[in-house]
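# Per-entry structural report
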Amino acid sequence: MAVFVALGAFLMTLVGGWTARRVTDRRHLVLGLAGGLMLGVVGLDLLPEAIEAAGGKVFGVPAALLLFVAGFLLAHLVERLLAVRQAAHGAVGHEGRTPQVGLTAAAAMVGHSAMDGVAIGAAFQVGGGMGAAVALAVIAHDFADGFNTYTITTLYGNDRRKAVVMLFADAAAPVVGAASTLLFTIPEPLLGGYLGFFGGALLYLAAAEILPEAHHEHPARSTLLCTVVGAAFIWLVVGIAE
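Residue indices begin from 1 for each chain and proceed along its sequence in written order. Where local features are concerned, this predicted model is filtered to residues with pLDDT of at least 70; where side-chain atom pairs are given and counted, the filter is 80 or more; whole-chain, interface and lining totals use all residues. Only hydrogens and water are set aside when side-chain values are computed; all heavy atoms of the structure are taken into account.

### Digging into the overall build of the protein chain
Under the scheme used here, helices are H or I runs from DSSP no shorter than 4 residues and strands are E runs no shorter than 2 residues, and both carry numbers assigned from the N terminus. Scanning the protein chain from terminus to terminus reveals eight helices and two strands. Mapped from its N terminus to its C terminus, the protein chain presents α and β elements in the order α-α-β-β-α-α-α-α-α-α. Between buried and exposed lies partly exposed: a residue is buried under 20% and exposed over 50% of the maximum accessible area for its type, with that area taken using a 1.4 Å probe on protein chains only. Per-residue burial for the protein chain yields a buried fraction of 46% across its 242 residues. When contacts within the protein chain are restricted to residue pairs at least 6 apart in sequence, long-range pairs at least 24 apart make up 84% of them. Only the protein chains shown count as cover for residues, and the accessible areas themselves come from Shrake-Rupley with a 1.4 Å probe. Total accessible area computed for the protein chain in this model is approximately 11500 Å², and 71% of it derives from carbon and sulfur atoms. Contacts: residue pairs with any heavy atoms within 4.5 Å of one another.

Right under this line is the structure:
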């Protein structure tokens, strides 16, 4: 059942990527929506789950929040190092952005989607009701994952072929993750720490890259509205799942 439900996540991810690809003529709206979706996923979905699952504190701070900050800083460090390296070799990509950053970010999205599949499988091990609730949340926000994976990959100057490859990898990841729960389970504290770390990296991409790019050439109210709609959509998904 868990693997069957994960196939729904596979299809929803492809729908999200297809949507991002079809609206390239309104790129600023795509980026604004992507930023809102990413912000919503981090603040309303990933962080609450991470804090609850990771458990204890380190010097008075929840471990998940420490890893969240570490993920943010690592994403910033990786981008700066890649940018410096590419500039030194005269290989800076589209509009000064390095394609490797986009591929690295997309690969992180693939890893997160695999963990989504693991979450579906683990929830079904607890019970059918829990599995259905988690599956609903994962399938709904996998639209955002597909949308963001395609957008991030192309934003950094990678061609559409690479973006489509990363999109299909992201779509297949939940199925693989769900199937893996037939063999093993991940300890809850470790899963919580991962969610916190990934959330920090994702927030960096949304706040430092996606949203500034969305408003760079088109500082329109419609772009801001798309950002708000993206965050509100994730809030709706989380509320329904609860």
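### A look at the layout of surface pockets
Taken as a whole, the second largest pocket spans an internal volume of roughly 290 Å³. Contributing to the lining of the second largest pocket are 17 residues, with Ala75, Thr104, Ala105, Ala108 and Ala201 lying nearest its centre. Residues belonging to the lining of the second largest pocket are distributed by class as follows: 12 nonpolar, four polar and one charged. Method remark: on a 1 Å grid restricted to protein atoms, a set of points is classed as a cavity if a 1.4 Å probe fits but cannot get out and as a pocket if it is open with protein on both sides within 12 Å along at least five of seven lines; lining residues have an atom within 4 Å of a point. Grid points are joined across faces, edges and corners, and a volume is the space filled by probe spheres set on the points. Each residue gets one of three labels, nonpolar for Ala, Val, Leu, Ile, Met, Phe, Trp, Tyr, Cys and Pro, charged for Asp, Glu, Lys and Arg, and polar for the others, Gly among them.

### Description of the environment of Arg160
Topologically, Arg160 is positioned in helix H6 (residues 160-180). Under the relative-accessibility criterion, Arg160 is labelled partly exposed at 42%.

### With respect to the nonpolar core
Grouped together as the largest cluster of nonpolar side chains are 39 residues, with contacts concentrated most on Met38, Leu46, Phe147, Ile152, Leu202, Leu205 and Ile210. Going through the elements one at a time, helix H2 (27-54), helix H3 (63-88), helix H4 (99-126), helix H5 (128-155), helix H7 (188-216) and helix H8 (221-241) are the ones with two or more residues in this core. For this core, the element with the highest residue contribution is H2, accounting for 11 residues. Contact partners of Phe147, with chain neighbours within four places excluded, come to Gly16, Gly17, Thr19, Ala20, Val30, Leu33, Ala34 and Leu37. Nonpolar cores were defined as sets of buried Ala, Val, Leu, Ile, Met, Phe, Trp, Tyr and Cys residues, with membership established by side-chain atoms within 4.5 Å. Membership of the second largest hydrophobic core comes to six residues, among which are Val5, Ile120, Ala135 and Val138.

### What to know about the packing of aromatic side chains
Two rings from Phe, Tyr or Trp (for Trp, the six-membered ring) form a pair when their centres sit within 6.5 Å of each other. Planes less than 30 degrees apart are called stacked, planes more than 60 degrees apart edge-to-face, and all others tilted. Here the structure, examined in full by the defined rule, presents two aromatic pairs. Here the aromatic rings of Phe72 and Tyr204 are separated by 5.2 Å at their centres, their planes lie at 90°, and the arrangement is edge-to-face. With Phe72 in helix H3 and Tyr204 in helix H7, the pair connects residues that are 132 residues apart, well separated along the chain. In this structure Tyr204 comes out as buried when scored by relative accessible area, which is 6%. Ring plane angle 15° and centroid distance 6.1 Å describe the contact between Tyr194 and Phe198, whose orientation is recorded as stacked.

### A closer look at the side chain of Asp170
Looking at the secondary structure, you find Asp170 in helix H6. With relative accessibility at 0%, the residue Asp170 sits in the buried group. Between N or O atoms, a polar contact is any pair within 3.5 Å; within protein, one atom must be a potential hydrogen donor and the other a potential acceptor, and residues adjacent in sequence are included only when both atoms are from side chains. Reaching out from Asp170, the side chain makes a polar contact with the side chain of Thr149 at a distance of 3.2 Å. When sequence neighbours within four positions are dropped, the list of residues in contact with Asp170 reads Thr13, Met109, Val110, Ser113, Asp145, Gly146 and Thr149.

### Some remarks on a nonpolar patch on the surface
Judged by side-chain polarity, Leu67, Leu74, Leu77, Val78, Leu81 and Phe197 come together as a nonpolar surface patch covering roughly 470 Å² of accessible area. Sorting elements by how many residues they give to the nonpolar patch places H3 first, with five residues. Mapped onto the elements of the fold, Val78 is located in helix H3. Residue class for Val78 comes out partly exposed when judged on its relative accessible area of 31%. Candidates for patches are residues over 30% relative accessible area with no salt bridge; among them, like charges are joined within 9 Å and nonpolar side chains (Val, Leu, Ile, Met, Phe, Trp, Tyr) within 5 Å. Every case where a carboxyl oxygen of Asp or Glu lies within 4 Å of a side-chain nitrogen of Lys or Arg is listed as a salt bridge.

### Remarks on the environment of Leu103
Mapping Leu103 onto the fold places it in helix H4. On the accessibility criterion, Leu103 (27% relative accessible area) is partly exposed. For the pair Leu103 and Thr149, spaced 46 residues apart in sequence, the C-alpha to C-alpha distance is 9.1 Å. Excluding its chain neighbours within four sequence positions, the residues that come into contact with Leu103 are Thr153, Asn158, Lys162 and Met166.

### A short note on helix H1 (residues 2-22)
Over its 21 residues, H1 runs 31 Å from end to end, which matches the ideal 30 Å to within 8%, given 1.5 Å per residue. The complete set of buried residues in H1 reads Ala2, Val5, Ala6, Ala9, Thr13, Leu14, Gly16, Gly17 and Ala20. One fewer than the residue count of a helix, multiplied by 1.5 Å, yields its expected span.

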